[in-house]
Amino acid sequence: MSVADVVGLIGVSAYLSAYGLLQLGRLKVEDGWYAGLNGVGALAILYSLAFDFNLPSFITQSAWLLFTVIGFARSRAKRSASGARP
C-alpha cells in the first residue's frame, strides 16, 4: 500500500468519525471538531487523488472542502455575533 493510499484511508476515517460521532450525539454540526474532521477528510483524499486522479472524486472532495470552510466560517461568525466563546 502506498503512502497516498494510507493518507486517503486517514481521510475516509476522518469522514466516518465525523459522521458517526454526529449520529451518536457526541458532536454537533456547529462543533469545530466536526468541521475539522471533515476538512482533514477532504484534504487527505484530495492528496491521494494527486497520485491516482479521478475527476468525479476530485470535484466531490473539492466541493466538500469548500462547504466545510464556509460552514465553519459561518458558525464562527454566528458565535462571535452572539458573544459566545469560540
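Above: the structure in question.
Residues numbered from 1 in each chain as written. Predicted model: local features only at pLDDT ≥ 70, side-chain atom pairs only at ≥ 80, totals over all residues. Heavy atoms only, no water.

**Q** What is the right way to look at the packing of aromatic side chains in this model?
**A** Pairs of aromatic rings are described using the distance from one ring centre to the other and the angle between the two planes. Per the counting criterion, the structure on display carries three aromatic pairs. A centroid spacing of 5.6 Å and a plane angle of 75 degrees characterise the contact between Tyr15 and Trp64, whose relative ring orientation is edge-to-face. On the criterion of sequence distance, the pair formed by Tyr15 in helix H1 (residues 3-23) and Trp64 in helix H3 (residues 55-82) is long-range, its members being 49 residues apart. In this structure Tyr15 comes out as buried when scored by relative accessible area, which is 16%. (Phe/Tyr/Trp six-rings, centres within 6.5 Å; stacked < 30°, edge-to-face > 60°. Helix = DSSP H or I, 4+ residues; strand = E, 2+ residues; numbered from the N terminus. Buried < 20%, exposed > 50% of the residue type's maximum accessible area, 1.4 Å probe, protein only.)

**Q** Can you walk me through helix H2 (residues 32-49) in this structure?
**A** Each turn of an α-helix holds 3.6 residues, which means side chains three or four residues apart point in the same direction. Spanning 18 residues, H2 covers 26 Å between terminal C-alpha atoms, matching the ideal 26 Å at 1.5 Å per step. Here H2 has its buried residues at Tyr34, Ala35, Leu37, Asn38, Gly39, Gly41, Ala42, Ala44, Ile45, Leu46, Ser48 and Leu49. Against the buried residues of H2 lie H1 and H3. (Expected span 1.5 Å × (residues − 1). Contact = heavy atoms within 4.5 Å.)

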